[in-house]
Amino acid sequence: MSEGLDHIVAASTRLSEVDGEAGRLTIAGYSVDDLAPTATFEEVAYLLLNSRLPEVDERVRFGRELAARREIPRVAIEVLRGAAAEHASPMDALRMAAPVLSLGRREDPLEDAMTAIAGFPTIVGTYWRLLHGERPVAVRADLGHAAHYLHQLSGAEPAADRTRALETYLNTVCDHGLNASTFAARVIVSTRSDVISAITGAVGALKGPLHGGAPGPALDMVFEIGTPESAEPYIRALLDRGERLMGFGHRVYRVRDPRADVLAAASERLHGGDADRSVYELARHVEATALRLLRERKPDRRLDTNVEFYTALLLHGIGLPTELFTPTFAVGRVLGWSAHCLEQLRDGRLIRPQSAYVGPRDLSYDSRPSVAA
Ligand code: ACO
């Protein structure tokens with residue numbers, strides 16, 4: 001038995017390979033550090049949906065097809081209004097609005113995938129504005145995917161360096177083997193359910209702090225630490241209380257998560273020279289201290305920096321508040337979920353593991369407590 005399914009291979013995929021020993025992530029044949037900082041999100045989306053990068057005309061056509069699906073159903077906006085009235089978290093609002101994307105359409109796996117990839121930035125942007133008492137902005141077909149997301153949030157056209165930084169982030173997190181949310185999505189479509197149902201389930205899986213919910217707390221920790229001198233006593237106290245350091249440790253990586261390096265470099269480019277440079281420097285110091293103390297505490301278990309630590313720093317540099325970190329992760333990962341669903345529908349079998357029963361046996365209903373009394 002493998003509690004938590006460690007080391008169990010449950011699917012074949014052409015989408016990404018996570019080499020936990022070497023610290024390497026390959027996305028459909030390309031190393032993440034080669035692809036993520038330079039490709040557009042649309043190119044990476046085409047790659048995952050078609051197993052190859054597009055020619056120029058294909059890229060233009062695909063970008064148009066994606067942009068044409070940015071509008072979300074009116075009912076989705078009503079759901080988001082209701083969620084905003086209750087001050088739901090943006091991840092809960094996304095989980096409530098995602099299923100509405102199937103409204104009024106015939107089920108079609110590729111169409112569902114394209115609709116979800118294109119619609120997620122609109123859902124998150126619309127919700128953020130409603131939550132803050134602002135009117136949603138109309139979708140624009142003339143912006144790239146990353147720029148469109150920032151425009152949906154703020155209503156302003158974003159600067160090129162912020163857009164590039166976000167695009168690098170979305171590309172970096174778009175897929176990552178059989179992580180918990182992708183597994184959840186594959187389990188759902190493995191029953192021949194539809195792609196929108198699978199994506200809705202995946203949003204729920206991503207929300208938890210052991211998966212996609214870590215970057216907010218990771219940044220909070222850096223801010224609470226505040227100065228380099230406070231890092232060691234703060235982290236020691238946290239570990240003494242038996243708490244986990246958010247942004248460190250990984251089920252698969254036994255070395256530094258390669259995505260952390262891509263995002264650290266993007267962060268450094270974005271923070272270069274401005275006032276937030278001090279946050280970047282402090283974060284690097286916190287990271288070094290955390291790694292030293294984790295090694296001291298757990299010499300037998302290699303705990304290294306994961307993607308979430310630098311996600312926090314990069315998204316903060318782009319100007320996103322912590323409440324948007326996990327939904328922004330979903331805006332990137334919905335691509336991987338979609339591509340995995342299509343792959344599962346094409347090649348996969350029903351996913352149905354077994355459990356080891358550890359409860360009692362041979363109890364007698366007649367001797368139940370209420371009868372015995
Ligand atoms: N801080 C302190 N101790 C840790 C940490 C951490 N971040 N991560 C693991 N440990 C310790 C555990 O307490 C455990 O100690 P024990 O054996 O004394 O009980 C030991 O290391 C092994 O931990 P497991 O829970 O078995 O490791 P697992 O592979 O299940 O956990 C996980 C991986 C969930 C990511 C874990 O490292 C963690 O909780 N990290 C913090 C949350 C986080 O950053 N999540 C984002 C992950 S990346 C992503 O999903 C995109």
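What this report covers is the structure whose coordinates are included nearby. Only a predicted model underlies this, so the values are computations on that prediction, with no experimental measurement involved. (Residues numbered from 1 in each chain as written. Predicted model: local features only at pLDDT ≥ 70, side-chain atom pairs only at ≥ 80, totals over all residues. Heavy atoms only, no water.)

A word on the sheet that holds strand S3 (residues 30-31)
Here's step 1: With antiparallel pairing, the three strands of this open sheet are ordered in space as S1-S2-S3. A strand with exactly one partner marks an edge of an open sheet, and here the two such strands are strand S1 (16-19) and S3.
Here's step 2: In this sheet, S3 lies alongside strand S2 (residues 24-27) in antiparallel orientation, the contact comprising two bridges. Opposite Thr-26, over in S3, you have Ser-31 as the bridge partner. (Pairing = 2+ DSSP bridges. Helix = DSSP H or I, 4+ residues; strand = E, 2+ residues; numbered from the N terminus.)

Focus on the packing of helix H11 (residues 215-225) against helix H15 (residues 307-318)
Here's step 1: Direction vectors running N to C along H11 and H15 enclose 75°, while the axes themselves pass 8 Å from each other. Taken together, the axes of H11 and H15 lie roughly perpendicular to each other. For the pair H11 and H15, the contacting residues are Pro-215, Ala-218, Leu-219, Met-221, Val-222 and Phe-223 in the first and Glu-308, Phe-309, Thr-311, Ala-312, Leu-313 and His-316 in the second.
Here's step 2: Looking at side-chain class alone, the contact of H11 with H15 contains nine nonpolar, two polar and one charged residues. (Axes fitted to C-alpha atoms, helices over the stretch in contact; angles between N-to-C directions. Parallel < 35°, antiparallel > 145°, perpendicular 65-115°, else oblique. Contact = heavy atoms within 4.5 Å. Nonpolar A, V, L, I, M, F, W, Y, C, P; charged D, E, K, R; others polar.)

Quick notes on the packing of aromatic side chains
Here's step 1: A full pass over the atoms with the stated rule returns three aromatic pairs.
Here's step 2: Between the aromatic rings of Tyr-46 and Phe-62, the centroid separation amounts to 5.5 Å while the plane-to-plane angle is 85°, which identifies the pairing as edge-to-face. Here Tyr-46 is found in helix H2 (residues 41-50), whereas its partner Phe-62 is found in helix H3 (residues 56-67), with 16 residues between them in sequence. Both residues of the pair, Tyr-46 and Phe-62, count as buried.
Here's step 3: Aromatic pair Phe-248 and Phe-309: ring centres 5.2 Å apart, planes at 50°, arrangement tilted. With Phe-248 in the loop between helix H12 (231-240) and helix H13 (258-271) and Phe-309 in helix H15, this pair connects stretches of sequence that are 61 residues apart.
Here's step 4: The exposure class assigned to Phe-248 is buried, which follows from its relative accessible area of 10%.
Here's step 5: Look at Phe-309 and you get buried, because its relative accessible area is 3%.
Here's step 6: A network of ring pairs unites the aromatic residues Phe-248, Phe-309 and Tyr-310 as a single cluster.
Here's step 7: Directly above the aromatic system of Tyr-365 lies the positively charged group of Arg-368, at a separation of 3.9 Å from the ring centroid. (Phe/Tyr/Trp six-rings, centres within 6.5 Å; stacked < 30°, edge-to-face > 60°. Buried < 20%, exposed > 50% of the residue type's maximum accessible area, 1.4 Å probe, protein only. Lys NZ or Arg CZ within 6 Å of the ring centre and 35° of its normal.)

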